[in-house]
Amino acid sequence: MNNYTLGIDIGSTTVKIAILNPEGRMVFADYERHFANIQETLAALLEKAEAKLGRLDACPVITGSGGLTLATHLGVPFVQEVIAVSTALEKIAPQTDVAIELGGEDAKIIYFEGGNVEQRMNGICAGGTGSFIDQMASLLHTDASGLNEYARNYKALYPIAARCGVFAKTDIQPLINEGASKEDLAASIFQAVVNQTISGLACGKPIRGHVAFLGGPLHFLDQLKAAFIRTLKLDDEHAITPDNSHLFAAMGSAMNAKEDAPAVSLPEMAERLRGSIRLDFEVERMEPLFASDEEYESFKARQSCYKVKKGELASYTGNCYLGIDAGSTTTKTALIGEDGALLYSFYSNNNGSPLRTAIRSIQEIYSLLPEGAHIAWTASTGYGEALVKAGLLLDEGEVETVSHYYAAAFFDPDVDCILDIGGQDMKCIKIKNQTVDSVQLNEACSSGCGSFIETFARSLNYSVQDFAKEALFAEHPIDLGTRCTVFMNSKVKQAQKEGAEVADISAGLAYSVIKNALYKVIKVSDASELGTHIVVQGGTFYNDAVLRSFERIAQCEAIRPDIAGIMGAFGAALIARERYQEGQKSSMLSIDQINALEYTTSMANCKGCTNNCRLTINRFSGGRQFISGNRCERGIGKEKNKDHIPNLFEYKYKRMFSYKPLTADLAARGKVGIPRVLNMFENYPFWFTFFTSLKYEVVLSPTSTRRIYELGIESIPSESECYPAKLVHGHITWLIRNGIKFIFYPCIPYEREEFPDAVNHYNCPIVTSYAENIKNNVDELRDPSLNFC
């Protein structure tokens, strides 16, 4: 090669370039986030290269998940990114046996075996990648580098799902609200990425030998890399971190340039990119939210009618009523007067501590409270209701659905439907005869909720407010349908490659929020099912684009109160006013006690049973404490089953597994290992009796724990298996590592027919054939000294 070569890696979140001289030495490289503006970012990088190297010609090659369409329009060769990375590794770190590369939304493991290359890549899920880490960092109100610094000083790890950011948020948010430390959460997030990579991506193929760590997350986040090294038990020799490990795909693409490839000048390519190459639309588009400024002004005028009466706190005298809504991502506070007038409101991110945020709002109230006014009664609601109530000794605690109804009925006494979309949750509350008739909540999925829109806005370098404004007059909103966050990301990225504007993305997300709420959560087939008096609330509805989307799709005119974001707190304040009785004294701490309040958070495992619930213990000055994370009374120090109701599950468990095996001197045939898994829970008494009669000492694997699961994580061949099946791998590994040479785990197609008129007596496919799965995927079973049947 007599020319310079230019490698361009267009990833899901970044653009990287690497320029190699004719001798193959890198003379320039850079790395920038593209914020959906791929062409502009690449042009700027090329101009930076020209400024440093002068005018030169280079043979370009493009790689990366976002590069194929652009390569076609530029007429530049494209190389698949796994091939690019493999090429760079073979030249720079030839001793590599396995490469782990994490990108913005891509993750891959490449195995090098005897000259063959095998790769495993994520498909539809972006869990365990850079975007996942960014989402989790935003929950802790930091960025990826801040998460890395927190993780340096961790003391405990929590089990956190990493298959999708939605599931991880479900695990993390309660821990935040319960006071878990950011250090422990950060390290747990990194460990979740490791577990996702090993179990979900490797899918049963062990990671052994010299392991190279590549990609931006592993290059910039040394604590993430340390978590991989710790879990894989690698020493310094076997953990490979090459220089410029985040640029390997770009370097490898440059190395794949053909000898006779035509060279292109850097200024010429930058000029073509500045000319805004227009790509064809493949993603479907939708109608604009507002056709004109006049239509938007009419919409605003109608919504401006729904205002709460405001009072002047500085001149108020008499009883005040305080409501605090500690939500999933924000804390809201409302202080009302005797007539329901709003005297004070507060809305702020939790910043990882809803209690601290609530205290800040109360301190602000007392700084404004005149002598003639006093707080007569208090109530809390929301995710952190119990913590805030316990910490501040509030008078009332109420479930958020009731609080929201009180607030909605204040604006429209005939309300029959409340649609609430918050930071991480969405709910539809149906009202009948002025009582809550039914509640529908999102369960495992939070796609399209406020936190998703906020995270997406930040990824495009926009504030939430500016991002929302962009949507209002978008000409070609992207049709994202009713899809999971991961699928949305994929479709958005495709639209970005086609040159979609930020406005189109924002408007598409606004439509998707409502489609998810109506068709995935509420599951309506006709919008008329919602009712005729609809109140919308939650911080997400402050976004005019989201509200407009709802009215267009549901073909209605909804009521959005001007305090839509604090309706839970306002409802709690109304409840406090209703439940107050003349002469009562509030139990809430005085302002002096609140100012002096000290509290610490620690973690412990309940030893009351084998669940070993992870408890979060909040201790307050004065000897008070609040414990959460418990699944029964034992975790908070109370006796379980005061009425001495027998625990039949416990009885059955002990009855099934309490058999005493033969001692070594009586076990003439030696030991047989039986895993405590799946159908063995029912069949163990038979097999124990069978082998004991044959003079075997039966060794049973222990009760399932997180540690048992992690023992077998390397050999799990598929992410889609049920969790009980995944546990089998750990139990088999435990038996092997405890020296058991004969393991009995049969395939059982069917059980005995228990009832004459039963439909069938067949076991599920997992129980029927999982022993074959184990035999084919647990490498230790290939040891000829082991007998597995």
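Residues numbered from 1 in each chain as written. Predicted model: local features only at pLDDT ≥ 70, side-chain atom pairs only at ≥ 80, totals over all residues. Heavy atoms only, no water.

(A) Spatial organisation of the overall build of the chain. From N to C terminus, the chain includes 27 helices and 26 strands. A compact globule built from 789 residues should have a C-alpha radius of gyration of about 28 Å, and the chain, at 30 Å, falls within 12% of that. Taking the principal axes of the C-alpha coordinates as reference, the chain spans close to 85 × 85 × 60 Å. For the chain, with 789 residues in total, the buried portion stands at 55%. (Helix = DSSP H or I, 4+ residues; strand = E, 2+ residues; numbered from the N terminus. Rg over C-alpha atoms; globule rule 2.2 N^0.38 Å. Buried < 20%, exposed > 50% of the residue type's maximum accessible area, 1.4 Å probe, protein only.)

(B) Layout of helix 4 (residues 130-139). Across the ten residues that make up helix 4, a large majority, nine, are buried. Every buried residue of helix 4 is accounted for by Gly130, Ser131, Phe132, Ile133, Gln135, Met136, Ala137, Ser138 and Leu139. Two residues or fewer past helix 4, His141 is found with a positive phi of approximately 55°.

(C) The arrangement of the pattern of salt bridges in detail. The final tally for this structure, using the stated rule, is 28 salt bridges. In this structure, the salt-bridge partner of Lys427 is Glu400, at a minimum N-O distance of 3.2 Å. Residue Lys427 is found in strand 17 (residues 426-432), and its partner Glu400 is found in helix 15 (residues 400-411); the two are separated by 27 residues along the sequence. Since its relative accessible area comes to 3%, Lys427 is described here as buried. Here Arg706 ties to Glu710 by a salt bridge, and the two come within 3.5 Å at their closest N and O atoms. Taken as a pair, Arg706 and Glu710 lie in helix 25 (residues 706-711) at a separation of four residues, close to a single helical turn. Each of Asp30, Glu32 and Lys48 takes part in salt bridges that share partners, so that together they form one network. (Salt bridge = Lys/Arg side-chain N within 4 Å of Asp/Glu carboxyl O.)

(D) Inspection of the packing of helix 1 (residues 38-53) against helix 11 (residues 266-274) at higher detail. Where helix 1 contacts helix 11, the axes come no closer than 9 Å and their chain directions differ by 160°. When the axes of helix 1 and helix 11 are compared, the pair comes out roughly antiparallel. As for how helix 1 packs across helix 11, the hand of that crossing is left-handed. Note on element contacts: helix 11 touches helix 1 through Leu266, Pro267, Met269, Ala270, Leu273 and Arg274, opposite Gln39, Glu40, Leu42, Ala43, Ala44, Leu46, Glu47, Ala49 and Glu50. When its residues are assigned to classes, the contact of helix 1 with helix 11 shows ten nonpolar, one polar and four charged. (Axes fitted to C-alpha atoms, helices over the stretch in contact; angles between N-to-C directions. Parallel < 35°, antiparallel > 145°, perpendicular 65-115°, else oblique. Left-handed = near helix turned anticlockwise from the far one by under 90°. Contact = heavy atoms within 4.5 Å. Nonpolar A, V, L, I, M, F, W, Y, C, P; charged D, E, K, R; others polar.)

(E) Up close: the sheet that holds strand 9 (residues 239-240). Taken in spatial order, the five strands make up an open sheet running 7-6-5-8-9, and their pairing is mixed. Unpaired on one side and paired on the other, strand 7 (116-121) and strand 9 mark the two borders of the sheet. Where strand 5 (residues 98-102) lies against strand 6 (residues 107-113), five bridges are found, and the strand directions are antiparallel. From the neighbouring strand, Ala99 faces strand 6, where its bridge partner is Ile110. On top of the sheet, helix 9 (residues 222-232) reaches strand 5, strand 8 (211-214) and strand 9; it is set at about 145° to strand 5, its chief contact. (Pairing = 2+ DSSP bridges.)

(F) Fine view of the side chain of Thr5. Take Thr5: it is sitting in strand 1 (residues 4-10). Judged by its relative accessible area of 5%, Thr5 falls in the buried class. A polar atom in the side chain of Thr5 sits 3.5 Å from the backbone oxygen of Ala254. Once residues lying within four places of it in the same chain are set aside, the contact partners of Thr5 are Ala18, Ile19, Leu20, Ala58, Cys59, Ala254 and Ala257. (Polar contact = N/O pair within 3.5 Å; in protein donor to acceptor, adjacent residues only side chain to side chain.)

(G) Structural context of the state of the cysteines. Scanning the model with the defined rule gives zero disulfides in all. A disulfide-free cysteine, Cys428 has its sulfur positioned 3.7 Å from the sulfur of Cys417, the nearest such atom. (Disulfide = S-S within 2.5 Å.)

(H) View of helix 9. Along helix 9, the residues that are buried comprise Gln223, Leu224, Lys225, Ala227, Phe228 and Leu232. Its buried side turned inward, helix 9 meets strand 5, helix 4, helix 5 (144-151), helix 7 (182-201), strand 8 and helix 8 (216-220). Following helix 9 by one or two positions, Lys233 adopts a phi angle in the positive range, close to 55°.

(I) Seen up close, a negative patch on the surface. A cluster of acidic residues, Asp466, Glu470, Glu475 and Glu501, forms a negative patch at the surface. Along the chain, the position of Glu470 falls in helix 17 (residues 464-471). (Patch = residues over 30% accessible without salt bridge, like charges linked within 9 Å, V, L, I, M, F, W, Y side chains within 5 Å. Areas by Shrake-Rupley, 256 points an atom, 1.4 Å probe, with all protein chains shown as cover. Lys, Arg positive; Asp, Glu negative; His and termini not counted. Charge placed at Lys NZ, Arg CZ, Asp CG, Glu CD.)

(J) Highlighting the packing of helix 23 (residues 648-657) against helix 24 (residues 680-693). Running from amino to carboxyl end, helix 23 crosses helix 24 at an angle of 35°, the nearest separation of the two axes being 8 Å. Facing Lys652, Tyr653, Met656 and Phe657 of helix 23, the residues of helix 24 in contact are Met680, Phe681, Glu682, Tyr684 and Pro685. Looking at the contact of helix 23 with helix 24 residue by residue, the class counts come to seven nonpolar, no polar and two charged.

(K) Structural detail: the environment of Ser785. Examined against the element boundaries, Ser785 turns out to sit in the loop between helix 27 (765-777) and strand 26 (787-788). Exposure remark for Ser785: the relative accessible area of 40% places this residue in the partly exposed category. Taking the C-alpha atoms as reference, Ser785 lies 83 Å from Glu312; in sequence the two are 473 residues apart. Within the structure, Ser785 has its side chain in polar contact with the side chain of Asp783 (distance 2.9 Å).

(L) Quick look at the side chain of His34. Residue position: His34 is located in the loop between strand 3 (26-33) and helix 1. A relative accessible area of 3% places His34 in the buried class. Among the polar contacts made by the side chain of His34, one reaches the main-chain carbonyl oxygen of Gly11 at a distance of 3.1 Å.

(M) Quick look at the packing of aromatic side chains. Under the counting rule described, the total for this entry stands at 35 aromatic pairs. Each ring, one from Phe691 and one from Phe742, has its centre 6.1 Å from the other, and the planes form 80°; the classification is edge-to-face. Linking Phe691 in helix 24 with Phe742 in strand 25 (residues 742-743), this pair joins segments that are 51 residues apart in sequence. Each member of the pair Phe691 and Phe742 is classed as buried. Between the aromatic rings of Tyr709 and Tyr723, the centroid separation amounts to 5.3 Å while the plane-to-plane angle is 40°, which identifies the pairing as tilted. Taken together, the residues span a long stretch of sequence, with Tyr709 in helix 25 and Tyr723 in helix 26 (residues 723-737) at a distance of 14 residues. By relative accessible area, Tyr723 is classed as partly exposed at 41%. (Phe/Tyr/Trp six-rings, centres within 6.5 Å; stacked < 30°, edge-to-face > 60°.)

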